[in-house]
Amino acid sequence: MKKMRRRTKVDQGFWRVLCIIPSFWALLAPVHAADLAVTGVLSSSPVSPGGTAQITLTLPSPVALVTGSLSLDLDAAVFDNISAINVFSASGDQVGIANIQGRHADVQFTSDSGGIGRLPSHPVLEVTVPVLAAAKLGTTGAVMGKSKTSWRDIVGNTYTMSFQSPGVSISDGISIQSAVPGGGPLPAGALVRINGQGFTLSTKLQIDDVAWSNPQFVNSGQLTFTLSGPADLTGKLILLTGANGAQATYYSTLTPTSVRRSASIPATVQPIFSQVPYSDASLFYPLGLENASLSPVDVVLATYSLPSGPHQPMPPPNTKKITIEAGAVYILDHDDIPSGNSASTMQSSAPLRKILLRSSSAAEFSASVLNVLPNYDPIIFNWRAGDPLPPPASVNVPYSAATHSTITASTDDDRAWLSASLPDLPISPRITVSVNPVGLSLGSHKGILTIASPGAMAASLQLTVILNVNPYPAIAIDSSRVFFTWNLTGTLTVTSDAAVPITASAQDDWLSVSPASATTPANLTISVTNPSLVAGQTGYKPGMVTIQGPGNTLQAPVYVGFYDCEIVCPAQVTLSAGSGTTDLITRRIDVGPTVQPVTFDFITSSGGPWLSASNGSGGFSVAVNPSGLAAGTYHGAVTIHPAPGIKSDSFPVSVTFIVWDKPAPSPKVFPSSLNFTVPARVDSSQVLSLSTGSLPLEFAVEYQTDDNAVHWLYVVHPLSFFGQPAYTPTGIEVHTYVNFPGEYHGHVTITSPPGSGHTVNVPVTLRATPAPTLTGVPPLIASIVNGASFLAGPIAPGEIVTLFGIFGPNATSGVNIGPNGKVNTASYGNRILFNGVAAPLIYMSPTQINAVAPYEIVGSSTVTIELDMAGIHSSAWTIPVAPSSPGLFTQSGSGQGSGAILNQDNSLNTPSNPAARGSIVQLFATGEGQTTPAGSTGEITQLNVKSPLLPVTVEIGGFDAKVISATTAPKAIAGLFQVNALIPSILPPGPAVVVVGVGSASSQVAGTVSVR
């Protein structure tokens, strides 16, 4: 009993590790000292002359890539021109451009979620290319690949990619040219045609993770089958086997039936679309549209114009209708957009795949997925019983969300306290949100507003509404934002219906709020605490002040003007130069348009005529001449005179000129390094404070990234927009922006004075977290795999499965146990339905969900899976059900490498801690199917372990291993399977492949155990 208790404790801890790890790439350790070297394989099954080769790029082990690029060249003696290139992402968010020029192609691809290369069942990309009819049997067509840039994964590792290719063998056999339709949401009963060569009546068809039936031999060039349930064939592996054992493989993709493009888009450019569908969007161009459905789709383009004057009605939009045929691609350009002077929108009768093309050079294009609807901060209401109802809130929404849409409200307590209305006009669209908290209990209540466009999979916008019912009166502020200039102060008045205590604080270290605590009504003073950060700068710097009351918390944005004058800027100028220098030093003075044109005169108090001035556009420049001046401080003034009749006042500008003896003081910079942690695709900035003691010196700023191909770092110093020299002391804004997650390194170099040896290097580190998931799109299932092996296939009752796709911004949670003692089947209103039964949820994120297939699917031949994300449903998938579908968990979480295996002493099996031959190891798997006693969905097994109905076998290193026990894992969710097996004594030391068999099915041949 003592041994069992110890083993149970270890199992429980190990189970927690399996549950917490969301996916294998979370275990990747960032490596930045040097690129990781990876060799990909470009290969194809044998092809007969006149057939079609599908060349795939596979990696030796799964990698979660967010970006990559390569060029391809094919053998002119064997291949015709490349016909298509596609990229695969586990999450369906692949996007890119293939520039195809005959047998040469340049490919760029991205995936925000790191889904490219993530699954061992998906290649990175595939190239479809015809083989010449004149190609000779027995020859091999050469395939050459070259990486254009470093590739990058989800945690920031960079990869130097090289490629191996055995070439494409030309021999008699079978080949697949296409599957039609090869992708898109297909309904049950859809007929799929496989086109190719060498088919016979005895040719066998296999598609593991699609429910299909009725295979038919049409002729030697075509086979057909029928989908038994809805599916998307994108990325599915089709395998044909001939009577002689020859095989042909093909990864299914949607091949465009036609491509319409404008003359501005080169004919060689082929967009690579994601699987994300949209029904509406703000209109950009050039915009690629792909109709993945089986029917034509109408698209209405509309451009709105502003009213001709105040109180005038809004004119009707200019519209244009286009029709995109089934499977066709249409690339919009500016000639397609109706004329107008305001926003443009588009609406389609059914969802389309959309991609924004961006020209990065004359010969190269890049692409990005449109994020049509933004993430919104929650709308917060505060109320106290007996007070008047809170006033409605008005929220701006995109044009696409305000036209032809419906709005529904749901609340966490199912009470109708939330309502909203859409605008009548699409110009400056705003929705009105109202709450009626009468009768609600104290505390926080949550509601969701869903704005949906027409269509079964239409884009939708979800707004979160928080209603706080407080026992205290709510505080309010007299302004939603505060403006002031840095040498003044800002004020903010805080009120409430009764006197309540408040505290106030600034979220930025360069701002202060006084007093820090008070009782309402209270007047708060906001000021700049570090003027050196802003002195001499031009523009505004944003900040934030937080006011906490007993019933609610408010935030007030603060904008501080980086200037110290209004009509003439700056009104005081200090310049400096080393003694003995002779070059003129100039400084621009901006003059407001209300006083232009101007004349001016200038005087100096000592040193002679060293000061001068000259007119320029929008102002003038002062110039100082250090020639002949001894070291010291000199004073002068320029008086600006507006033209007669404009203003009667004159405006003085004082000029101080310091001539200093060399050497100049070294620059001091604070802080000494900068660290950013922000989501990808978010601009962020921090300020470096630069000083050179009491002496103002000119300085130069340079910035550089360690990876020069990724331009994520840039710097703005005070007068950079005006082409003027800048002087210390001042602040330098350092900005970061990057498209993809990862860790990036660079530095800012400051030299003062320019050309001197006085240089300071400031290291900059950017840790970019994954960007917020796409919003405004329906939930999307892109792939479903065994949660242990990461391979696609039939699903067994109780199997832990992993779904990849786009699941919404609120889809983040771990394991939660409900009051019934079982694992919860819903999180934030999100569910996965298997034949209508909600599955227990182990892990949920915006792009990945781990769940357990309910035991209720026992006896079914297929299972239909769909996502219910707070009432918005995805397209359904139908997958075959098998009695068993085992997968072995591995330590990497990828289904490959060292298994999730414990040695006999309960320690983790690793190459440095191998198991002795003849000892017992504990294997952890899933997919064993139904158990005896029968499995209960979501159950935590405790110590009442159950046995699988089907026999269990284990093979280690090619030898049969004795099974000591095979049961559900104790203290774990039903679906985690534990097998204790004996290491065969005849095994040689080293890693040995482990295969677990349950019934007629076996686990992946990729997990290993270390043996000594």
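Residues numbered from 1 in each chain as written. Predicted model: local features only at pLDDT ≥ 70, side-chain atom pairs only at ≥ 80, totals over all residues. Heavy atoms only, no water.

## Here's the deal with the overall build of the protein chain
Link 1 in the chain: When helices and strands are counted, the protein chain shows two helices and 84 strands.
Link 2 in the chain: The buried share among the 1012 residues of the protein chain stands at 53%.
Link 3 in the chain: Residue pairs at least 24 apart in sequence account for 69% of intrachain contacts in the protein chain once pairs closer than 6 positions are excluded.
Link 4 in the chain: For the protein chain, the accessible surface area stands at approximately 40900 Å², while carbon and sulfur atoms represent 54% of it. (Helix = DSSP H or I, 4+ residues; strand = E, 2+ residues; numbered from the N terminus. Buried < 20%, exposed > 50% of the residue type's maximum accessible area, 1.4 Å probe, protein only. Contact = heavy atoms within 4.5 Å. Areas by Shrake-Rupley, 256 points an atom, 1.4 Å probe, with all protein chains shown as cover.)

## Details of the sheet that holds strand β15 (residues 191-197)
Backbone hydrogen bonds are what pair the strands of a sheet, in a parallel or an antiparallel way.
Link 1 in the chain: Taken in spatial order, the four strands line up as β13-β15-β18-β17 in an open sheet, and their pairing is antiparallel. Since the sheet does not close on itself, it has two edges, and those belong to β13 (175-180) and β17 (212-219), each with one partner. With strand direction ignored, the average angle separating the axes of adjacent strands in the sheet is 20°. (Pairing = 2+ DSSP bridges. Axes fitted to C-alpha atoms, helices over the stretch in contact; angles between N-to-C directions.)

## Some details on the pattern of salt bridges
Link 1 in the chain: Under the counting rule described, the total for this entry stands at 10 salt bridges.
Link 2 in the chain: Notably, a salt bridge pairs Arg260 with Asp336, separated by 3.1 Å at the nearest N-O pair. With a gap of 76 residues between them, Arg260 in strand β22 (residues 259-260) and Asp336 in the loop between β28 (329-332) and β29 (344-361) connect regions that are remote in the sequence.
Link 3 in the chain: A relative accessible area of 3% places Asp336 in the buried class.
Link 4 in the chain: The salt bridge partner of Asp336 is Lys320, with a shortest N-O separation of 3.5 Å. Pair noted here: Asp336 is in the loop between β28 and β29 and Lys320 is in strand β27 (residues 318-324), with a separation of 16 residues, a long-range link. (Salt bridge = Lys/Arg side-chain N within 4 Å of Asp/Glu carboxyl O.)

## Some words on the pairing of β15
Link 1 in the chain: In this sheet, β15 lies alongside β13 in antiparallel orientation, the contact comprising five bridges. Across the sheet, Ser178 pairs through a bridge with Asn195, a residue of β15.
Link 2 in the chain: Alignment of β15 against strand β18 (residues 222-227), held across five bridges, turns out to be antiparallel. When the bridges of β18 are listed, Arg193 appears paired with Thr224.

## Remarks on the environment of Leu524
Link 1 in the chain: The residue Leu524 is located in strand β44 (residues 522-528) in this model.
Link 2 in the chain: Here Leu524 falls in the buried class, since its relative accessible area comes to 1%.
Link 3 in the chain: Along the primary structure Leu524 and Val513 are separated by 11 residues, whereas in three dimensions their C-alpha atoms are 6.5 Å apart.
Link 4 in the chain: Look past the residues within four positions of Leu524 in its chain and what remains in contact with it is Gly490, Thr491, Leu492, Val494, Ala504, Val513, Ser514, Pro515 and Ile547.

## Overview of the pairing of strand β82 (residues 990-998)
Link 1 in the chain: By the bridge criterion, five bridges tie strand β78 (residues 952-956) to β82 in an arrangement that is antiparallel. From the neighbouring strand, Glu955 faces β82, where its bridge partner is Val995.
Link 2 in the chain: Sheet analysis places β82 next to strand β84 (residues 1007-1011), joined by four bridges and oriented antiparallel. Within β84, the residue paired with Ala992 across the bridge is Val1009.
Link 3 in the chain: Of the strand pairs in this sheet, β82 and strand β83 (residues 1001-1002) are connected by two bridges, and their pairing is antiparallel.

## Concerning unusual backbone geometry
Link 1 in the chain: Between Val180 and Pro181 the backbone carries a cis peptide bond, its omega angle lying at -10°.
Link 2 in the chain: Along the chain, Pro181 falls in the loop between β13 and β14 (185-186).
Link 3 in the chain: The amide bond that connects Phe670 to the next residue, Pro671, takes the cis arrangement and shows omega of -5°.
Link 4 in the chain: Examined against the element boundaries, Pro671 turns out to sit in the loop between β55 (668-670) and β56 (674-679).
Link 5 in the chain: Despite not being glycine, Asn214 has its phi angle at roughly 55°, a positive value.
Link 6 in the chain: By the element assignment, Asn214 lies in strand β17.
Link 7 in the chain: Exposure remark for Asn214: the relative accessible area of 44% places this residue in the partly exposed category.
Link 8 in the chain: Residue Lys971 is not a glycine yet carries a positive backbone phi of 60°.
Link 9 in the chain: Here Lys971 lies in the loop between β80 (963-968) and β81 (977-982).

## Quick look at the packing of aromatic side chains
Link 1 in the chain: Applying the stated criterion to the full structure yields eight aromatic pairs.
Link 2 in the chain: For the ring pair Phe109 and Trp151, a centre distance of 5.2 Å and an interplane angle of 90° mean the geometry is edge-to-face. Taken as a pair, Phe109 in strand β6 (residues 104-110) and Trp151 in strand β10 (residues 151-153) lie far apart in primary sequence, 42 residues in all. Neither Phe109 nor Trp151 differs from the other in exposure class; each is buried.
Link 3 in the chain: A centroid spacing of 6.4 Å and a plane angle of 65° characterise the contact between Trp610 and Tyr634, whose relative ring orientation is edge-to-face. Placement of Trp610 in the loop between β50 (598-604) and β51 (611-616) and of Tyr634 in strand β53 (residues 632-642) is noted, with a sequence separation of 24 residues between them. (Phe/Tyr/Trp six-rings, centres within 6.5 Å; stacked < 30°, edge-to-face > 60°.)

## What to know about the sheet that holds strand β57 (residues 684-691)
Link 1 in the chain: Taken in spatial order, the four strands make up an open sheet running β55-β57-β60-β59, and their pairing is antiparallel. The open sheet terminates on both sides in strands that have one partner only, identified here as β55 and β59 (713-716). Within the sheet, the average angular offset between the axes of one strand and its neighbour, ignoring direction, is 30°.

## Describing the environment of Thr140
Link 1 in the chain: Topologically, Thr140 is positioned in strand β8 (residues 140-141).
Link 2 in the chain: Note on Thr140: relative accessible area 42%, which makes it partly exposed.
Link 3 in the chain: Residues Thr140 and Asp75, spaced 65 residues apart in sequence, show a C-alpha to C-alpha distance of 9.0 Å.
Link 4 in the chain: Not counting residues up to four positions away in its chain, the partners in contact with Thr140 are Asp75, Val78, Pro166, Gly167, Val168 and Ser169.

## Looking at the confidence of the model for the protein chain
Link 1 in the chain: Per-residue pLDDT for the protein chain averages 84, and the proportion of residues at 70 or more is 86%.
Link 2 in the chain: Within the model, the stretch residues 1-33 combines pLDDT values under 50 with 65 contacts to residues more than four positions away or in other chains. (pLDDT = per-residue confidence, 0-100.)

## Some thoughts on the nonpolar core
Link 1 in the chain: If you look at the biggest cluster of nonpolar residues, it comprises 37 residues, and the most contacted ones within it are Ile55, Leu70, Phe79, Phe109, Leu125 and Trp151.
Link 2 in the chain: Those elements giving two or more residues to this core turn out to be β1 (36-43), β2 (52-58), β3 (65-74), β4 (84-87), β5 (95-101), β6, β7 (125-130) and β11 (158-164).
Link 3 in the chain: With four residues, β3 is the single largest residue contributor to this core.
Link 4 in the chain: Among residues more than four places away in sequence, those in contact with Phe109 are Val66, Thr67, Gly68, Ser69, Leu70, Val87, Val95, Gly96, Ile116, Val124, Leu125 and Trp151. (Core = buried A, V, L, I, M, F, W, Y, C linked by side-chain atoms within 4.5 Å.)

## Notes on the side chain of Gln222
Link 1 in the chain: Relative to the elements of secondary structure, Gln222 occurs in strand β18.
Link 2 in the chain: Classification of Gln222 as buried rests on a relative accessible area of 19%.
Link 3 in the chain: At 2.9 Å, the side chain of Gln222 forms a polar contact with the side chain of Asn195. (Polar contact = N/O pair within 3.5 Å; in protein donor to acceptor, adjacent residues only side chain to side chain.)

## Topic: the environment of Ser514
Link 1 in the chain: Note on placement: Ser514 falls in strand β42 (residues 511-514).
Link 2 in the chain: With a relative accessible area of 44%, Ser514 lands in the partly exposed category.
Link 3 in the chain: Spatially, the C-alpha atoms of Ser514 and Thr503 are 9.8 Å apart, while their sequence positions differ by 11 residues.
Link 4 in the chain: Leaving out residues up to four positions away in the same chain, Ser514 has contacts with Asn523, Leu524 and Thr525.

## Things to note about the side chain of Ser684
Link 1 in the chain: With respect to the helices and strands, Ser684 occurs in strand β57.
Link 2 in the chain: Setting aside residues no more than four positions away along its own chain, Ser684 makes contact with Phe676, Val678, Val734, His735 and Thr736.

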